[in-house]
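What follows is the residue order along each chain.
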Amino acid sequence: MENIIAKSPEHISREELIALQKLENQKAKIKRRSETGILIGANVVMAILILLPLLYAISIAFMPSSELFTTAMNLIPQHPTLENFHQALVKVPLVRFVINSFVVAACITFGQIISCSLAAFSFSFLEFKGKNILFMIVMATMMIPGEATIISNYLTVSGWKWLDSYQVLIVPYLTSAMGIFLFRQFYMSFPISLYESAKIDGCSNIRFIFRILLPLTKSAIGAMAVYTFINAWNMYMWPLLVTGSNELRTVQIGIGMLDSVDSQSITLMIAGVVMIILPSISIFIVGQKQLIRGMFSGAVKG
Amino acid sequence: MASVSLVNICKSYNNGFQAVKNFNLKVEEGEFLILVGPSGCGKSTTLRMIAGLDEISDGELWIKDRLVNFLKPQERNLSMVFQNYALYPHMTVYQNMAFGLKVHGIDKDEIDKRVKHAAEILEISHLLDRRPNALSGGQKQRVAIGSVIVRQADLLLMDEPLSNLDAKLRSQMRVELAKLHQKLGATIIYVTHDQVEAMTLGTRIVVMKDGEIQQADKPAELYRNPVNQFVAGFIGSPTMNFIETIVYRVGNELQLKFGNQYIQVKGLLAKRLLNMDYEGRELTVGIRPEDFHLEGEEGTDIEMEIDVREMLGAEILIHGESEKTPISAKLPPESKVRAGERVKLYADIAELKLFDAETGVNIFYAQNGNGEA
Amino acid sequence: MKDKSLIKRFGAYGYVVPAMLVFAVFLFYPFFKTIYLSMYKTNKMGEAKLFVGLGNYIDLLTSKSFYNSIAVTVIFVLIVVTGSMLLGLIAAVLCNKTFPGIRFFSTAYALPMAIASSSAAMIFKIMLHPSIGIVNKLLHLDINWINDPKYALVCVAVLTAWLNSGINFLYFSAGLSNIDESIYERASVDGANEVQKFFQLTLPGLSPIMFYTLVVNIIQAFQSFGQVKVLTQGGPGESTNLIVYSIYRDAFFNFRFGSAAAQSVILFALIMCLTLVMFKVEKKGVQY
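These numbers were taken from a predicted model, which means no experiment stands behind them. (Residues numbered from 1 in each chain as written. Chains lettered and ligands numbered in written order. Predicted model: local features only at pLDDT ≥ 70, side-chain atom pairs only at ≥ 80, totals over all residues. Heavy atoms only, no water.)

Draft legend 1. Examining the overall build of chain B more closely. Tallying secondary structure elements over chain B gives 10 helices and 20 strands in all. Taken along the three principal axes of its C-alpha coordinates, chain B extends 80 × 45 × 35 Å. Buried residues in chain B amount to 53% of all 373 residues. Of the contacts formed within chain B by residues at least 6 apart in sequence, a portion of 67% connects residues at least 24 apart. On chain B, roughly 16700 Å² of surface is accessible, and the fraction owed to carbon and sulfur atoms is 46%. (Helix = DSSP H or I, 4+ residues; strand = E, 2+ residues; numbered from the N terminus. Buried < 20%, exposed > 50% of the residue type's maximum accessible area, 1.4 Å probe, protein only. Contact = heavy atoms within 4.5 Å. Areas by Shrake-Rupley, 256 points an atom, 1.4 Å probe, with all protein chains shown as cover.)

Take a look at the structure:
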């Protein structure tokens, strides 16, 4: 091959050249195709590995429990059934748990967006004494792990007789340092003249926030909403400590009621798990683009 | 040093768009060849095909008697300066310049020698320990060029290397690039959209438009003898004035009429136009701003109203309109003209360019040109 | 007039009040109360009864069980951080070039971040089941993963690595897209092959985000709780008794709030020191 290519233009005939080109074009095409093929193949393997637990869970959720208990390979249910889902709903008040989780997660998300955007507004557009110190303090809170405070928090809320209530699940999470930081990053990218011209037009601060700032930061709000909702939905340790009754259990705790040694209920349990994973996954898939645009494009440079 | 031949090079995309059409060119050893044209004309694509970064859809690319269509960039023994310099952000200047040598397995002492030598030539020896982020635009530019010099490759490709610099630095770097070419004697293929850069740097210039070569010639020749209206308008600053006229015959003379005015053409030129059957047809007259004078022969004058007068020190530029055609002229600095005035401008008939109004072709290109198109 | 200037003066604080109030009540106050509690013996209601100074700490530092917790936690964090970062990195590299179907794959790789630790743990519990679990079936093994002290910690760690890999994928993807495409072109003109490009351009190019991701991952790994609670309850023996789980058990089963508080303070100090050290190292290492 090499010596043909190394021939000078005068020493190679037209036909030879055309044949050579055809051959090489073919080769290049095959090479490109096989490269894409290998890439896709590697991705398929990786995706199966990552998704295996989920796929397996879905498969079991549709399996009659008799089918699960074999030593043979049973990746796909032979006689798919919806019975597990039905039984799971009958056995524990799953709908109630879902509603609880939904209310809690929605309130937390809404509350965080409001409190964080107000604080971020103040930190980025207003001047006041101690602003920088206060902001540093807010940032420092990110360093305190939840475990360092959870015991005292438990004692506080139980002292207030707040155990087993919605507010105990919601109130402690009504703000987040990360949210304030994220919104502030966005607001800082706006020119201060945006605020000043609104002021000159006689726009009050509150009006400015709700009419101008929030609509302009839709992508940050979207990212924040997806992230916060999923985290609130998946919250485990705090609800475990502060709720005891069926009326107020969230999904993550409630689903534990299906988790028993009773081997017959494994398929029920997994069906329940699938049902409670579904909302968070759906929100994630719908909001993924928002999340990436709002959170990761800025986060990298920061 | 290497010669490069492009034979019928084409670049087409899946959506059917043809970025480069039938590009034929031979670049001689040691040439400083400029590819110039408006954005989207295919000049960068051509360069990237030579580099091996974009695939060649059709045609042959020869470098130094090797058909390289199917070789990877690293196998083509060339080096390239990118528009944004493409410096490795995590490496020091020294490491940046050494990278290309290191991956070629050249030994450490040799690398050290070459890098230090190149740094000396480019006067960046004191920057060798810095990282790209700590450099100014001009310094980054030098590092990028330094990385190319140390490779001692046969062929240097440069993709708009000066476009990110401010005007002053650009003209300074232009001079240095020209010097560098003389010192290295390497073959350089250089892409730019800036005709001033093209004119000052190139030993030969290829003007491109819509993926096709319009003209490939020496700078002076391009300026003096453009093949068509596009090239004439692209080369030169301020751009050539174009006046759309109709040819009338008055006795032995011709009048190139536009609105209520005309430019008179006599003698040999008139005869040639008559021979070519241009009587009664449309001609676009091209006059460079520097070919207008305040005095001259009767009949070669046009009247214009001055809208703007720019004093540039060594010359005065005036811009205005004549019969709704925009006109610019370059006058000596002592000229007493003011904005709002009407003036008579005399065109230098010898420097007139005449373009067929339909095709845009310079109708005397073949006759008086000696270019090697 | 007077009112207006008052608003002007204090209005700015008004906007931060909601956030600061929540921080004050549920973060600053409990944080200091935890430190306070850590120096007392408490009753079952969690009321500080008897000042013991550093007594709780001394008890911890002389207890075998606590050292076990620390050791288990450190091993756990090492496995989780390595595993989740590797998974995220591989996935991100696989999705770096476009190809048909890339959107499906990138969603798949990020998906674990949407899944709760407790739900995931229940799924893993079945997967790792000695007789009906898919892991033993696929690998033709007969291992009692969760009840064997040799494997239990690894199982919890792998599960956690899987959970955390989703967000790492997003971080690394963002990091990769931040690397200027043209330096790869320059490298190929310079003569570098794909392997050289990966190790000399991609990895160093990821180093700023790599560092950030590392810090976040370590902090996150230290705080794993739900998976331990569901999967192993700290056992078998104490082989998966991570500090956070130990805190939970001491406080809410043994009602030794003082000791649990002391462990919380130590955990906080540990994370704090690690973070500070990493920032110090970063200042020296990553210079651009």
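Draft legend 2. A look at the overall build of chain C. Scanning chain C from N- to C-terminus turns up 12 helices and 2 strands. The N-to-C order of helical and strand elements in chain C reads α-β-β-α-α-α-α-α-α-α-α-α-α-α. For a compact globule of 288 residues, the expected C-alpha radius of gyration is about 19 Å, and chain C comes in at 24 Å, more than 25% above that figure. Seen through its principal axes, chain C has C-alpha atoms that stretch 75 × 70 × 35 Å. Put simply, chain C has 288 residues, and 56% of those count as buried. As displayed, chain C has an accessible area near 12800 Å², and 68% of this comes from carbon and sulfur atoms. Seen as two clouds, the 22 positive and the 13 negative side-chain charges of chain C have centres 11 Å apart. (Rg over C-alpha atoms; globule rule 2.2 N^0.38 Å. Lys, Arg positive; Asp, Glu negative; His and termini not counted. Charge placed at Lys NZ, Arg CZ, Asp CG, Glu CD.)

Draft legend 3. A look at the packing of aromatic side chains. All chains considered together, the criterion is met by 47 aromatic pairs over all chains. Measuring from ring centre to ring centre gives 5.9 Å for A:F121 and A:Y195, while their planes differ by 70°; the resulting arrangement is edge-to-face. With A:F121 in helix α5 (residues 94–125) and A:Y195 in helix α10 (residues 192–200), the pair connects residues that are 74 residues apart, well separated along the chain. Among the residues examined, A:F121 registers a relative accessible area of 0% and is labelled buried. With 5.1 Å between their ring centres and 75° between their planes, A:F121 and C:Y15 make a pair best called edge-to-face. With A:F121 in helix α5 and C:Y15 in helix α1 (residues 2–37), this pair bridges two chains. In this structure, A:F121 and C:Y15 share a single accessibility class: buried. (Phe/Tyr/Trp six-rings, centres within 6.5 Å; stacked < 30°, edge-to-face > 60°.)

Draft legend 4. Summary view of the sheet that holds strand β1 (residues 4–12) of chain B. Sheet architecture is open: 4 strands sit in the order β2-β1-β4-β5 (chain B), paired in antiparallel fashion. The open sheet is flanked by β2 (18–27) and β5 (66–67) of chain B, the only strands paired with a single partner. Pairing geometry for β1(B) and β2(B), over 6 bridges, is antiparallel. Paired with B:S5 across the strands is B:K26, a residue of β2(B). Running over the sheet, helix α2 (residues 14–61) of chain A touches β4 (58–63) and β5 of chain B and is turned about 105° from β4(B). (Pairing = 2+ DSSP bridges. Axes fitted to C-alpha atoms, helices over the stretch in contact; angles between N-to-C directions.)

Draft legend 5. Just helix α11 (residues 243–252) of chain C, in detail. For α11(C), a buried count of 9 out of 10 residues is recorded, marking the element as mostly surrounded by other parts of the structure. Inspection of α11(C) places C:I243, C:V244, C:Y245, C:S246, C:I247, C:Y248, C:D250, C:A251 and C:F252 among the buried residues, and these make up the whole buried set.

Draft legend 6. Geometry of the sheet that holds strand β13 (residues 261–265) of chain B. Residues and elements named next belong to chain B. Taken in spatial order, the 5 strands of this open sheet run β13-β12-β11-β14-β20, and their pairing is antiparallel. The sheet terminates laterally at β13 and β20 (353–356), the two strands that pair on one side only. Across the sheet, the axes of successive neighbouring strands diverge by a mean angle of 40°, strand direction being ignored. Inspection of the sheet shows strand β11 (residues 241–250) paired to strand β12 (residues 253–258) by 5 bridges, in the antiparallel sense. Counted as the bridge partner of V247 is L256 from β12. Along the sheet face, helix α9 (residues 267–275) touches β11, β12, β13, β14 (282–287) and β20 and points at about 75° away from the line of β12.

Draft legend 7. Geometry of the pairing of strand β18 (residues 325–331) of chain B. Residue and element names in this part refer to chain B. Most of β18 sits inside the fold, with 5 of its 7 residues counted as buried. Sheet analysis places strand β17 (residues 316–322) next to β18, joined by 7 bridges and oriented antiparallel. Bridge pairing in β18 links S322 to T325. Taken together, β17 and the strand that follows it, β18, pair antiparallel across an intervening segment of 2 residues, in which E323 is found at a positive phi of about 50°.

Draft legend 8. Quick look at the packing of α5(A) against helix α11 (residues 205–216) of chain A. Residues and elements named next belong to chain A. Relative orientation of the contacting elements α5 and α11 amounts to 105°, with a least axis distance of 11 Å. Our classification of the angle between α5 and α11 gives roughly perpendicular. Contacts between α5 and α11 pair I114, S117, L118, F121 and F125 from the former with N205, F208, I209, F210, L213 and L214 from the latter. Residues of the contact of α5 with α11, tallied by class, amount to 9 nonpolar, 2 polar and no charged. (Parallel < 35°, antiparallel > 145°, perpendicular 65-115°, else oblique. Nonpolar A, V, L, I, M, F, W, Y, C, P; charged D, E, K, R; others polar.)

Draft legend 9. Structural context of a nonpolar patch on the surface. The grouping of A:M73, A:L75, A:I76, C:L138, C:L139 and C:L141 at the surface amounts to a nonpolar patch, some 570 Å² of accessible area in total. With respect to the helices and strands, the residue C:L139 is situated in helix α6 (residues 134–139). (Patch = residues over 30% accessible without salt bridge, like charges linked within 9 Å, V, L, I, M, F, W, Y side chains within 5 Å. Salt bridge = Lys/Arg side-chain N within 4 Å of Asp/Glu carboxyl O.)

Draft legend 10. How the structure looks around the pattern of salt bridges. Residues and elements named next belong to chain B. This structure, assessed with the given rule, holds 28 salt bridges over all chains. Taking the shortest distance from any N to any O, the salt bridge between K344 and D301 comes out at 3.7 Å. Taken as a pair, K344 in strand β19 (residues 342–347) and D301 in strand β16 (residues 301–311) lie far apart in primary sequence, 43 residues in all. Relative accessible area serves as the criterion here: at 13%, D301 is assigned to the buried category. E303 is the salt-bridge partner of R342, the closest N and O atoms lying 3.0 Å from each other. Of this pair, R342 sits in strand β19 while E303 sits in strand β16, placing them 39 residues apart in sequence. Under the relative-accessibility criterion, E303 is labelled partly exposed at 30%.

Draft legend 11. Spatial organisation of unusual backbone geometry. Following B:S237, the chain continues to B:P238 via a peptide bond in cis, the omega torsion being -5°. In this fold, B:P238 is placed in the loop between α8 (229–234) and β11. Its identity is not glycine, yet B:N22 carries a phi of approximately 45°, on the positive side. The residue B:N22 is located in strand β2 in this model. Relative accessible area serves as the criterion here: at 48%, B:N22 is assigned to the partly exposed category. With a phi angle near 55°, C:F255 is a residue other than glycine that sits in the positive phi range. Summarising the element assignment, C:F255 is placed in the loop between α11 and α12 (257–285). Judged by relative accessible area, C:F255 falls into the partly exposed class, the value being 31%.

Draft legend 12. Region of the structure containing the nonpolar core. With 222 residues, the main nonpolar core has A:F121, A:I270, B:I189 and C:Y109 as its most contacted residues. Tallying contributions element by element places helix α7 (residues 149–177) of chain C first for this core, with 14 residues. Two domains each put at least three residues into this core: domain 1 (2–61) and domain 2 (85–297) of chain A. One finds B:I149, B:M173, B:A198 and B:I235 within the second-largest nonpolar core, a separate group that totals 45 residues. (Core = buried A, V, L, I, M, F, W, Y, C linked by side-chain atoms within 4.5 Å. Domains from an automatic or database assignment.)

Draft legend 13. Geometry of helix α8 (residues 181–190) of chain C. For α8(C), the buried fraction is high: 9 of the 10 residues fall into the buried class. Listing the buried residues of α8(C) in full gives C:S182, C:I183, C:Y184, C:E185, C:R186, C:A187, C:S188, C:V189 and C:D190. In this structure, the buried side of α8(C) is in contact with α1 (43–51), β6 (78–81), α2 (93–102) and α4 (137–151) of chain B together with α9 (194–222) of chain C. Two residues or fewer past α8(C), C:G191 is found with a positive phi of approximately 105°.

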